[in-house]
Amino acid sequence: MVVLRITVFLLVLALLLLPGWWSLRKHLPERWQPKLKKLLTVLSITFIVALVFYGIGRFFDIAIIRHTTAPIFTALFVAAFLLSLTSIWTWYWKRRLLKEPDGGFDPSRRQFLERTALIAPAGALTLSPVGTAMAYNQPLVRNVPIWDETWDPRLEGLKILQFTDVHLGLLIDVEQIKAIVNQFKPGEVDLVVLTGDIADDLSMLDPAFDVLETLEPTLGIFTSMGNHEIYRGRSRAEEIYRRRSTYLNNGGVSLTYQGASIWLGGVDDPARLFRRRDVFFNESVEKTVEKRPEEVSATILLSHRPDAFKAAARHNVSLMLSGHTHGGQAALFGRSIFEPFLPHKFLLGHYVDGSTHLYTSAGLGHWMPFRLNCPCESPLITLTRKG
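First things first, this report covers the structure right here in the doc. All figures in this text were calculated on a predicted structure; none of them were measured in a lab.

### What to know about the environment of L319
Here L319 lies in strand β9 (residues 319–322). Assessed through its relative accessible area of 1%, L319 is described here as buried. Sequence-wise, L319 and V352 are 33 residues apart; in three dimensions their C-alpha atoms are separated by 9.3 Å. Residues within four places of L319 in sequence aside, it is in contact with I146, I160, T299, I300, L301, H357, I381 and L383.

### Here's the deal with the sheet that holds strand β6 (residues 251–257)
Taken in spatial order, the six strands of this open sheet run β6-β7-β8-β9-β13-β12, and their pairing is mixed. Two strands close off the open sheet at either side, each with one partner strand: β6 and β12 (349–353). The sheet shows a mean angle of 20 degrees between the axes of neighbouring strands, direction not considered. Judged from the three bridges that link them, strand β8 (residues 298–302) and β9 form a sheet pairing that is parallel. Each bridged residue has a counterpart across the sheet, and for L302 the counterpart in β9 is L321. Of the strands in this sheet, β6, β7 (260–266) and β8 are in contact with helix α8 (residues 277–288), which crosses β7 at around 140 degrees.

### Digging into the side chain of H167
Following the sequence through the fold, H167 ends up in the loop between β2 (159–163) and α5 (175–181). Look at H167 and you get buried, because its relative accessible area is 2%. Polar contacts involving the side chain of H167 include one to the side chain of D200, which spans 3.1 Å. Polar contacts involving the side chain of H167 include one to the side chain of H326, which spans 3.2 Å. Among residues more than four places away in sequence, those in contact with H167 are I172, D197, I198, A199, D200, H228, H326, G365, H366 and W367.

### A look at a nonpolar patch on the surface
There is a patch of nonpolar side chains on the surface, built from I45, I48, V49, V52, F53, I56, F59, F60, I62 and I64 and spanning about 990 Å² of accessible area. Ranked by residue count, the leading element in the nonpolar patch is helix α2 (residues 33–59), at seven residues. Note that I45 resides in helix α2. A relative accessible area of 48% places I45 in the partly exposed class.

### As for unusual backbone geometry
Note: most residues except glycine have negative phi, and most peptide bonds are trans. Notably, Q329 is not glycine yet its phi reads approximately 60 degrees, a positive angle. Among the secondary structure elements, Q329 is positioned in the loop between β9 and β10 (331–332). For Q329, a relative accessible area of 9% gives the class buried. Here F346, not a glycine, exhibits a phi torsion of approximately 50 degrees, which is positive. Looking at where F346 falls in the secondary structure, it is placed in the loop between β11 (335–336) and β12.

### Focus: the pairing of strand β14 (residues 377–383)
Judged by how many residues are buried, β14 sits mostly within the fold: seven of seven residues are covered. Alternating positions in β14 separate into two faces, E377, P379, I381 and L383 on one and S378, L380 and T382 on the other, with burial throughout. Sheet analysis places strand β1 (residues 140–146) next to β14, joined by seven bridges and oriented parallel. Across the sheet, V141 pairs through a bridge with S378, a residue of β14. The pairing of β2 with β14 spans three bridges and is classified as antiparallel. Paired with K159 across the two strands is T382, which belongs to β14.

Rules used throughout
Residues numbered from 1 in each chain as written. Predicted model: local features only at pLDDT ≥ 70, side-chain atom pairs only at ≥ 80, totals over all residues. Heavy atoms only, no water. Helix = DSSP H or I, 4+ residues; strand = E, 2+ residues; numbered from the N terminus. Buried < 20%, exposed > 50% of the residue type's maximum accessible area, 1.4 Å probe, protein only. Contact = heavy atoms within 4.5 Å. Pairing = 2+ DSSP bridges. Axes fitted to C-alpha atoms, helices over the stretch in contact; angles between N-to-C directions. Polar contact = N/O pair within 3.5 Å; in protein donor to acceptor, adjacent residues only side chain to side chain. Patch = residues over 30% accessible without salt bridge, like charges linked within 9 Å, V, L, I, M, F, W, Y side chains within 5 Å. Areas by Shrake-Rupley, 256 points an atom, 1.4 Å probe, with all protein chains shown as cover. Salt bridge = Lys/Arg side-chain N within 4 Å of Asp/Glu carboxyl O.

Laid out in structure tokens, this is it:
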């Protein structure tokens, strides 16, 4: 099994990286090729050496080796990945723009593509170290005040600390969670909620809960399912979640805060279901609120994917907390840069539909170590009028 995983990893790595190197060799001027060949050789060797030493650091648990080598090989990986994307882009437009209907070439279009072929790799090589450096920055606690005038005034002051998309595994360890937890005193938050994709390596879940339990939240720790837990072994993830927290899957529990009743629920994740997800989420939310008391002050919903937001609004949910998107890992003015292209995906931040509120977190980790103005975060949701 280990040999198979390593083989698959190397094949995927080759598919991701080789188009980038090909792009440089193909599109840069001929006079640059000798120096470029030497540069690519050095970068390739650096990547392999850094990756090997990172593996040694993880195997022997030597933090200084891990922390030194991880940014090096990930920056080179991201650069090659971005180059692969730009090479596809350049190839596509070369076919579209260079050829005239009569088979001739337009010189101005040729010049445009030649310049683009130079700019795209330069941009990829510039952005990769910047985005990688931001990905390895200290994670932050993002204070998110939310209130709705229809809510019970007794709910004011409720503090919910959300952890989502930590992706504990190859590049992220429990220190990422500790960096958040160390900013709080025991009992300072009321609810700790985990909204999926906490670990890619499920053996790291128990150590994570050891850290989370030091928060001593007054109302407890609650979890819901994410797609990566399903990919890595749903039954094992659920066993750990049930043992170390209150696991919510298409169901909920009643809580009380300052005399106000709260229904806290969690919905399942569709994982590999690609069709009729709207039906899936509507049915999941319906099941989650099925046993909700009639006289409830607020309904809080944990959903790994923000796609359940519309269904949550239809079922009178007060607040939904989600992740999954990582905010596209690139943001501007508090919104994902991909928001204009995917306006109904609720990629990052606070959204409102009637009296139903959603906060989509950028997540505390990643499996692609690249972020631009979209830092790793753990949101502290405070129900307060002081917004």
